[in-house]
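These are the residues of each chain, in order.
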Amino acid sequence: MNGKRCVGTVAAAAAAVVAVSAPAGAEPAGLTYGTSTSVGVHNAYDKEKYPYFADALDSGAALLELDLWTNGFGRSWRVSHSNPIGNNSNCEGAANASELRTKDVNKDFAGCLADLKAWHDAHPGHRPVLLKVELKDGFNAKGGRGPAEFDALVRQKLGDAVYGPGDLTAGHGTLDEAVRAGGWPGRDALAGKFLFELIPGTVEENNPLDKLWTDVEYATHLKDLAAQGKLAQSVAFPAVHGAAAGDPRERYQDPALRPWFVVFDGDAATYLNGTIDTAWYDRRHYLLIMTDAHNVPPAIDATHPTEAQALARVGQLAAAHASFATADWYPLPSVLKTVVSRGA
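Let me begin by describing the structure that accompanies this report. As the structure is a computational prediction, the values presented were derived from the model and not from experiment.

### Quick notes on the pairing of strand E7 (residues 263-267)
Judged by how many residues are buried, E7 sits mostly within the fold: four of five residues are covered. Note: strand E6 (residues 236-241) against E7, three bridges, orientation parallel. Within E7, the position partnered with His241 by the bridge is Asp265. Examined bridge by bridge, E7 and strand E8 (residues 287-291) share five bridges and lie parallel to one another. From the neighbouring strand, Phe264 faces E8, where its bridge partner is Leu288.

Set out below in structure tokens:
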């Protein structure tokens, strides 16, 4: 089945999800990271959704989004939706699990990473969690917040809890070669791991003076690290941002960058509007993140749909080959824990 075909009724899709879902918190047997569909939360650092970032991690969601700012008006990687000079987040910078939910919030990215490590240590073998990082205004290499500094900070805080590009390539020349040859590891093999996705930010994409977006800058970084035999230092997978027909990597003028993109991220309604063959991503074992899942016609509530409606929408996007369906369904932890077979 590809993205051009209808997926049946809402009730049938919900039944399909229930039939193949594992119990809450469990991983379905036999699925790989590339052959499964799971659920994510948009802007999981928002205190109105979760008082603490640990609450977002406890939700069961497979994808949690963070927004970062890097401009020279501050010294750190700030976490905020709209404040470019300060932090507005539920991250507290816990030094260990006993400090989770005990400290002041509004910490920066390093604080969020500290919370990830504290939670990780308290939950050995936890589900793989993808951290989707939107760099609102892009990297700032001149200010000490470029790709290399991003890698160093994440490695410093999380160490081998990160599954990065160097792990996926495993002797292959590029990420594309690796996933097309062997796909992604089994979900059980990724237990206890964090993965990072990078997308260009809304400010960056609308800044006519910004000629080097996050996706190109980090893909170039990966290509250069691979040439130096240092790909193991990297921590993130750059995503091609925006749903488009054909191979969206053709937008990159340098063909040498294209094999470093195996993650694609865009609007769910666009992916399902009949113009895009979403099975193309599945056949090549690429990850496909469909955002604003609630807006696929017929639209459902962005935050408070019924459980049946949300499960049906997850089933619909899974059938259309999504790897992740994301929305603001934080009030529905039973839905956030859902993991189903991709393309079924």
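### Notes on unusual backbone geometry
With an omega of -5 degrees, the peptide bond running from Pro297 to Pro298 counts as cis. Mapped onto the elements, Pro298 comes out in the loop between E8 and helix H11 (307-319). Of note in the backbone geometry, Asn43 takes a positive phi value of approximately 50 degrees without being a glycine. By the secondary structure assignment, Asn43 is in the loop between strand E1 (36-41) and helix H2 (53-58). Phi is positive for Asp292, close to 50 degrees, though the residue is something other than glycine. Structurally, Asp292 can be placed in the loop between E8 and H11. Judged by relative accessible area, which is 34%, Asp292 ranks as partly exposed.

### Here's the deal with the pattern of salt bridges
Under the definition given, this model contains 14 salt bridges. One salt bridge connects Glu134 with Lys136, and the closest N-O pair in it is separated by 3.4 Å. On the basis of relative accessibility, which here comes to 7%, the residue Glu134 falls in the buried class. Arg283 is the salt-bridge partner of Asp277, the closest N and O atoms lying 3.3 Å from each other. For Asp277, a relative accessible area of 27% puts it in the partly exposed group. Linked by salt bridges that have partners in common, Asp176, Arg180, Asp247 and Arg249 make up one network.

### With respect to the packing of helix H3 (residues 109-122) against helix H4 (residues 147-158)
Packing of H3 against H4 brings their axes to within 9 Å, and their N-to-C directions diverge by 35 degrees. Pair H3 / H4 crosses with right-handed handedness. Of H4, the residues touching H3 (which contributes Phe109, Ala110, Leu113, Leu116 and Lys117) are Phe150, Leu153, Val154, Lys157 and Leu158. Looking at the contact of H3 with H4 residue by residue, the class counts come to eight nonpolar, no polar and two charged.

### Details of empty space enclosed by the protein
Summed over all chains, the structure comprises one cavity of 30 Å³ or more. Forming the boundary of the largest cavity are Leu130, Trp184, Leu195, Phe196, Glu197, Phe237, Val263 and Leu287. Top contributing element to the lining of the largest cavity by residue count: strand E5 (residues 194-200), with three residues. Grouping the amino acids of the lining of the largest cavity by side-chain chemistry returns seven nonpolar, no polar and one charged.

### Considering the packing of aromatic side chains
Scanning the entire structure with this criterion turns up 17 aromatic pairs. Ring centres 6.3 Å apart and planes at 80 degrees place the aromatic pair Phe139 and Phe150 in the edge-to-face group. Taken together, the positions of Phe139 in the loop between strand E4 (129-135) and H4 and Phe150 in helix H4 put the pair eleven residues apart, joining distant regions of the chain. Comparing Phe139 with Phe150 shows no difference in burial state: the two are buried. On the numbers, 6.2 Å between centres and 80 degrees between planes, the contact of Phe264 with Trp280 is edge-to-face. Remark: Trp280 occurs in helix H10 (residues 279-283) and Phe264 occurs in strand E7; sequence separation between them is 16 residues. The residues Phe264 and Trp280 share a single accessibility class, namely buried.

Criteria and thresholds
- Residues numbered from 1 in each chain as written.
- Predicted model: local features only at pLDDT ≥ 70, side-chain atom pairs only at ≥ 80, totals over all residues.
- Heavy atoms only, no water.
- Buried < 20%, exposed > 50% of the residue type's maximum accessible area, 1.4 Å probe, protein only.
- Helix = DSSP H or I, 4+ residues; strand = E, 2+ residues; numbered from the N terminus.
- Pairing = 2+ DSSP bridges.
- Salt bridge = Lys/Arg side-chain N within 4 Å of Asp/Glu carboxyl O.
- Axes fitted to C-alpha atoms, helices over the stretch in contact; angles between N-to-C directions.
- Left-handed = near helix turned anticlockwise from the far one by under 90°.
- Contact = heavy atoms within 4.5 Å.
- Nonpolar A, V, L, I, M, F, W, Y, C, P; charged D, E, K, R; others polar.
- 1 Å grid on protein atoms, 1.4 Å probe; cavity = no way out; pocket = protein on both sides within 12 Å on 5 of 7 lines; lining within 4 Å.
- Points joined across faces, edges and corners; volume = space filled by probe spheres on them.
- Phe/Tyr/Trp six-rings, centres within 6.5 Å; stacked < 30°, edge-to-face > 60°.

These figures come from the coordinates and say nothing about function on their own.
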